[in-house]
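Report on the structure
Residues per chain are reported as follows:
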Amino acid sequence: MIFSARNTAARTSRVRRLAATGALAGAAGAMVIAGTSSASAATSAPAHNWDAVAQCESSGDWAADTGNGFSGGLQFTSSTWSAYGGTKYAASAHLATKAEQISVAEKVLAAQGQNAWPVCGKNL
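Moving on, we get to the packing of aromatic side chains. Counted according to the given criterion, the structure contains 2 aromatic pairs. For the pair tryptophan 50 and tryptophan 117, a centre-to-centre distance of 5.1 Å together with 65° between the ring planes defines the contact as edge-to-face. Of this pair, tryptophan 50 sits in helix H2 (residues 50-58) while tryptophan 117 sits in the segment after helix H4 (98-112), and the two are 67 residues apart along the sequence. For the pair tryptophan 50 and tryptophan 117, a shared accessibility class is recorded, and that class is buried.

Moving on, we come to the side chain of histidine 94. Among the structural elements, histidine 94 can be located in the loop between helix H3 (78-83) and H4. Engagement of the side chain of histidine 94 in a polar contact is seen with the side chain of serine 92, the distance being 3.0 Å. Leave out the neighbours within four places in its chain, and histidine 94 touches Trp62, Ala63, Ala64, Asp65, Ser71 and Gly72.

Taken as a whole, the largest pocket holds about 150 Å³ of empty space. Around the largest pocket sit Glu57, Phe70, Leu74, Gln75, Phe76, Thr77, Thr80, Val108, Gln112, Ala116, Trp117 and Pro118, which together line it. Class assignment of the residues belonging to the lining of the largest pocket gives a composition of 7 nonpolar, 4 polar and 1 charged.

So, on to the pattern of salt bridges. Under the criterion given, the structure shown has 1 salt bridge. With a shortest N-O distance of 2.8 Å, lysine 98 and aspartate 51 are connected by a salt bridge. Highlighted residues: lysine 98 in helix H4 and aspartate 51 in helix H2, separated in sequence by 47 residues. By relative accessible area, lysine 98 is classed as partly exposed at 36%. Residue aspartate 51 is classed as partly exposed on the basis of its relative accessible area, which comes to 43%.

Quick notes on the rules
- Residues numbered from 1 in each chain as written.
- Predicted model: local features only at pLDDT ≥ 70, side-chain atom pairs only at ≥ 80, totals over all residues.
- Heavy atoms only, no water.
- Phe/Tyr/Trp six-rings, centres within 6.5 Å; stacked < 30°, edge-to-face > 60°.
- Helix = DSSP H or I, 4+ residues; strand = E, 2+ residues; numbered from the N terminus.
- Buried < 20%, exposed > 50% of the residue type's maximum accessible area, 1.4 Å probe, protein only.
- Polar contact = N/O pair within 3.5 Å; in protein donor to acceptor, adjacent residues only side chain to side chain.
- Contact = heavy atoms within 4.5 Å.
- 1 Å grid on protein atoms, 1.4 Å probe; cavity = no way out; pocket = protein on both sides within 12 Å on 5 of 7 lines; lining within 4 Å.
- Points joined across faces, edges and corners; volume = space filled by probe spheres on them.
- Nonpolar A, V, L, I, M, F, W, Y, C, P; charged D, E, K, R; others polar.
- Salt bridge = Lys/Arg side-chain N within 4 Å of Asp/Glu carboxyl O.

Here you go:
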């Protein structure tokens with residue numbers, strides 16, 4: 001088969017267009033993938049470190065009730081426990097599960113910030 005210069009130039013031009021199109025498609029695909037992973041990373045922020053707060057507040061004892069007016073692993077007062085819906089789980093924080101205490105703590109954190117635990121809130 002004989003190739004003319006004209007056919008070779010046309011073929012080279014087509015190859016360049018296909019390569020450019022493929023490179024753009026590849027870059028767009030990479031952007032979509034990168035965008036997807038970035039979006040999922042943004043929506044899966046790490047949870048608060050309630051275990052560290054409990055360790056600081058009650059030596060990690062989620063059933064702590066020392067009679068000092070605070071109870072549970074995160075040392076809720078009875079008024080805070082009640083105000084943020086804790087009584088739907090148990091009469092007092094020390095009677096609730098760790099998960100239930102954390103559920104109430106998330107509400108307290110949203111309303112009052114980490115200063116609701118003046119010393120131990122720095123662990124959040």
